Amino acid sequence: MTTREILEKALAEGRTALTAPEGRRICQEYGIATPGEGLATSPQEAVEIAESIGLPVVLKIVSPDILHKTDAGGVLVGLRTGEEVLAGYDTILANARAYDPDAVIDGVQVQQLVGGGHEVIIGAVTDPTFGKVVAFGLGGVLVEVLKDVTFRLAPLSGDDALGMLDDIRAAEVLRGARGAEPADRQALAHMIERVGALVGDHPEIVEVDLNPVFAGPDGAVAADVRVLIGEPQPERERLPRELILEQMSRIFKPRSVAVIGASAEQGKIGNSVMRNLINGGYQGQIFPINPKADDIMGLPAYKSVADVPFDVDVAVFAIPAAFVPAALEQAGEKGVAGAIMIPSGFAETGNVEGQQEIVDIARRYGVRLLGPNIYGYYYTPENLCATFCTPYDVKGSVALTSQSGGIGMAILGFSRTTRMGVSAIVGVGNKADVDEDDLLTFFEQDDNTRAVAMHLEDLKDGRGFVEAARRVVKHKPVIVLKAGRTAMGAKAAGSHTGALAGDDKVYDDILRQAGVVRAPGLNDMLEYARSLPLLPTPQGENVVIITGAGGSGVLLSDACVDAGLTLMEIPDDLDQAFRAYIPPFGAAGNPIDITGGEPPSTYENTVRLGLTDPRIHALVLGYWHTIVTPPMVFAELIARVVEEERANGNVKPVVASLAGDTEVEEACDYLFDHGVIAYPYTTEKPVAVLGAKYRWARAAGLLHE
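Residues numbered from 1 in each chain as written. Predicted model: local features only at pLDDT ≥ 70, side-chain atom pairs only at ≥ 80, totals over all residues. Heavy atoms only, no water.

When helices and strands are counted, the protein chain shows 24 helices and 30 strands. Overall, the C-alpha framework of the protein chain stretches about 95 × 80 × 35 Å when taken along its three principal axes. For the protein chain, with 705 residues in total, the buried portion stands at 56%. Restricting the contact set of the protein chain to residue pairs at least 6 apart, pairs at least 24 apart contribute 71%. Averaging the locations of the 60 positively and 95 negatively charged side chains of the protein chain gives two centres separated by 4 Å. (Helix = DSSP H or I, 4+ residues; strand = E, 2+ residues; numbered from the N terminus. Buried < 20%, exposed > 50% of the residue type's maximum accessible area, 1.4 Å probe, protein only. Contact = heavy atoms within 4.5 Å. Lys, Arg positive; Asp, Glu negative; His and termini not counted. Charge placed at Lys NZ, Arg CZ, Asp CG, Glu CD.)

As structure tokens, then:
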């Protein structure tokens, strides 16, 4: 029987799992190695099979009603003689009948005993966000103790499969640590890839669990196969990219905006939206909608959006949830492209039906909903401030989105404090319709946006997000703060693989697979967003630390390791070149310690050498406050040297950590303004930013070998 026939038969019988022999037949079709075996329906047949495949053997109960064979006493391992097999057959049957008297028993699986090498687990689960996901990690008892496992979207390439082998903490074990024999990497990668192909081809397969897989230097064999089945998830509907781009362009670059619920009364949301649109300098038409007013803030008011005698691109809703459906119908009939849903009172309060109602109305008319339950959105290139929050007009190249209004206000405050230029700030709220995929599609081609930072609590369509992010990260960093990192515990699952698929681990691995830079916290996300567009892209992995304090050099070295950066091994000629500029009691190598009492010329000479030598790809500077080289002298000097060398074509990322009295704060601001990422009182933050830039550059394939 083919895999398709096996699955159809099992589903027709109402089963949720395949038997072990069925699982083995599927493995054979997909090129997944399993031990020699046979199905016995009598003790004598079990002995015959055991002797034909070779003793010792394993006996396993075969029953569609007994999923967890070990719990039922349905597994006997290491039977070495025909007599043991004969007795073992009866024992297993008796245990199974005691465990479930009504269970249908097909027989006993007689399987060649395999072992040796490394025990690993290979499997696949159906994740509610990302769909079919492949897992790999250490197997046997270690899988439950260490949970050292990694995930990728299925199906996956051979390169992705090989990458999984290096992505677990115990990767060195598989390479043959401490004299042990290494695992056959190609055989393991092939098995991972084939599991991905299997679940990719057959959406009815809910989970696959190969555990343990014995991997030695000569290959890999799946000793146990468990396959769970069920009705496939419905395919997610995705709009064509061109249509999304057209819709989002009308939302971000509208010729006209209607404010439904506009008000002349201060303190009302509709009043704040109107004031922000007018005072923010938006040049398109603004139409206040209020059935009880003739004009609002000097503009003629209309009783409904249907009464507006002009085309309307965007309608901002500032009315209670109960009145939204009727107004949305009118907006749909008017041909509005985007409905900006500020009102709360929908799914976030349990009103799921009310939210679905407005989604259905919007879809009927082709209107895209942003929200509901949002603060609105900003798009600075159009001077568009369609929000009830405070206005923001510092134009720049960073687009930020948030699922939470509170986080949106934090984004606004950080942007204002740091004077971070933004292209957009967007609230997505409940994501009833427009989500991160749609926004990435717009920001991908938006010349005003050079980096995208997103706070999210969940993804409606994980695969859609990955697809969009993979396109964007080729040209621009995508930074994600994923809330809910603490696992609440995997739901009850029918396999080890399913139990291991905690939400955050899956998110973490697959976001990395997509090339996304994940931020560990809110401030990190904001600092990455602020800094990554300012940092040039490194051309290679060699990072050099130049510091005026030995203590900061040690801390900066630790931070580089934590950030996944490679500290360059300084060749002899470069070592001598640096030594020519530092005092005899300084230290070359890496970090290069120029010592604290050095004049500005020492900083200039060493930094300039680091920028001009093509073997060095990034510089990390450690400064501490001295009277010989005060903070602003240091800042102005470094800014000048970096600017001069960039003009000469020596364009490299430079980050700096400044320790000293409060003057270092002003010095850091000056450096930031001149394209050098600098932070006071911390060695970790500048290096973390550089590490984020490197993670993006690697994902985008921009680093030279």
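Since the α-helix packs 3.6 residues into each turn, any two residues three or four apart lie on the same face. Those residues of helix α10 (residues 269-279) not exposed but buried are G270, N271, S272, V273, M274, N276 and L277. Of the surrounding elements, those touching the buried residues of α10 are β11 (256-260), β12 (285-289), β13 (295-296), β14 (299-300), β15 (314-317) and β19 (384-387). Two residues or fewer after α10 comes G281, characterised by a positive phi angle close to 95°.

Let us now look at the nonpolar core. Ranked by size, the top nonpolar core spans 107 residues in total, and within it F252, Y377 and L400 carry the most contacts. At 7 residues, the largest contribution of residues to this core is made by helix α24 (residues 684-699). Membership of the second largest hydrophobic core comes to 42 residues, among which are A10, I32, A171 and V195. (Core = buried A, V, L, I, M, F, W, Y, C linked by side-chain atoms within 4.5 Å.)

To continue, consider the sheet that holds β12. One open sheet holds the 5 strands; their spatial order is β12-β11-β15-β16-β17, and the pairing between them is parallel. Each of the sheet's edge strands pairs with one partner strand only, and the pair in question is β12 and β17 (368-370). Strand-to-strand, the axes of this sheet are offset by a mean angle of 20°, without reference to chain direction. Note that β11 and β12 share 5 bridges and pair parallel. Bridge assignment links V257 to a residue of β12, and that residue is I286. (Pairing = 2+ DSSP bridges. Axes fitted to C-alpha atoms, helices over the stretch in contact; angles between N-to-C directions.)

Interhelical geometry of helix α20 (residues 572-579) versus helix α21 (residues 600-612) gives an angle of 155° and a closest axis separation of 10 Å. Considered as vectors, α20 and α21 are oriented roughly antiparallel to each other. Where α20 approaches α21, its residues L574, A577 and F578 are matched on the opposing element by T606, L609 and G610. A breakdown of the residues in the contact of α20 with α21 according to their chemical character gives 4 nonpolar, 2 polar and no charged. (Parallel < 35°, antiparallel > 145°, perpendicular 65-115°, else oblique. Nonpolar A, V, L, I, M, F, W, Y, C, P; charged D, E, K, R; others polar.)

Right, let's get into the environment of V173. Tracing the backbone through its elements, the reader meets V173 in helix α7 (residues 171-174). Given the relative accessible area of 38%, V173 is considered partly exposed.

A word on the side chain of R530. Mapping R530 onto the fold places it in helix α18 (residues 522-531). Relative accessible area serves as the criterion here: at 14%, R530 is assigned to the buried category. Side-chain polar atoms of R530 contact the side chain of E527, separated by 3.3 Å. Setting aside residues no more than four positions away along its own chain, R530 makes contact with F414, T418, M420, F672 and Y679. (Polar contact = N/O pair within 3.5 Å; in protein donor to acceptor, adjacent residues only side chain to side chain.)

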